[in-house]
Amino acid sequence: MKTDAVRGHLDGLLLSVLESGPLHGYAIIAAVQERSGGVLELRKGTIYPALNRLERIGLLSSAWESVGERRRRCYELTDAGRRSLATERTRWRAFTAAIGSVLEPAPAPGHAT
């Protein structure tokens, strides 16, 4: 699925995969792909600007971690990030319910399906 398909939902996806604990960029990409059954494939050029923006607005914090001779930045949710994730989930449920009621309307009373 193309990145355009997740536009508007990227923040929620990133916050959600970080809910269980800190992850580095590649692990975040892998987690989204795994959770989506391989349907969502995010690119580094998509997630790193989003992670930096989420950190700037206080929803994430990050720290450098060394693994052997490599250094990588690990991101984790802040308290504000957890609150934002809860809000994202509420909005998502309302959005999907509204779309579902249009795509699969309930039969009107007295009408056979």
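The sections below set out a description of the structure shown in this document. Because the structure is predicted, anything quoted here is derived from the model rather than measured.

## Looking at a nonpolar patch on the surface
Item 1. Taken together, Trp92, Phe95, Ile99 and Leu103 make up a surface patch of nonpolar side chains, about 430 Å² in accessible area.
Item 2. Within the secondary structure, Leu103 is located in helix 4 (residues 79–103).
Item 3. What makes Leu103 exposed here is its relative accessible area of 66%.

## Observations regarding the packing of aromatic side chains
Item 1. The tally for this structure, following the rule as stated, stands at one aromatic pair.
Item 2. Here Trp92 and Phe95 contribute two aromatic rings whose centre-to-centre distance is 5.8 Å and whose plane-to-plane angle is 35 degrees, an arrangement assigned as tilted. Of this pair, Trp92 and Phe95 both sit in helix 4, separated by three residues, roughly a single helical turn.
Item 3. A relative accessible area of 43% means that Trp92 is categorised as partly exposed.

## Side note on helix 2 (residues 25–35)
Side chains three or four residues apart in an α-helix point the same way, a direct result of the helix having 3.6 residues per turn.
Item 1. What helix 2 keeps buried is the set Gly25, Ala27, Ile28, Ile29, Ala31 and Val32.
Item 2. Buried-residue contacts for helix 2 involve helix 1 (10–17), strand 1 (23–24), helix 3 (44–56) and strand 3 (70–77).
Item 3. A positive backbone phi angle near 65 degrees is found at Gly37, which sits one or two residues after helix 2.

## Re helix 1
Item 1. A large share of helix 1 lies buried, amounting to six of its eight residues.
Item 2. Regarding helix 1, the residues found buried are Leu10, Gly12, Leu14, Leu15, Ser16 and Val17.
Item 3. Looking at the packing, one finds that the buried side of helix 1 touches strand 1, helix 2, helix 3, strand 2 (60–67), strand 3 and helix 4.

## Considering the pairing of strand 2
Item 1. Bridge count for strand 2 against strand 3 is eight bridges, and the pairing is antiparallel. Each residue of the ladder has a partner; that of Ser62, found in strand 3, is Tyr75.
Item 2. In this antiparallel pair of consecutive strands, strand 2 and strand 3, the connection spans two residues, and Gly68 shows a positive phi of 65 degrees.

Rules and cut-offs
Residues numbered from 1 in each chain as written. Predicted model: local features only at pLDDT ≥ 70, side-chain atom pairs only at ≥ 80, totals over all residues. Heavy atoms only, no water. Patch = residues over 30% accessible without salt bridge, like charges linked within 9 Å, V, L, I, M, F, W, Y side chains within 5 Å. Areas by Shrake-Rupley, 256 points an atom, 1.4 Å probe, with all protein chains shown as cover. Salt bridge = Lys/Arg side-chain N within 4 Å of Asp/Glu carboxyl O. Helix = DSSP H or I, 4+ residues; strand = E, 2+ residues; numbered from the N terminus. Buried < 20%, exposed > 50% of the residue type's maximum accessible area, 1.4 Å probe, protein only. Phe/Tyr/Trp six-rings, centres within 6.5 Å; stacked < 30°, edge-to-face > 60°. Contact = heavy atoms within 4.5 Å. Pairing = 2+ DSSP bridges.

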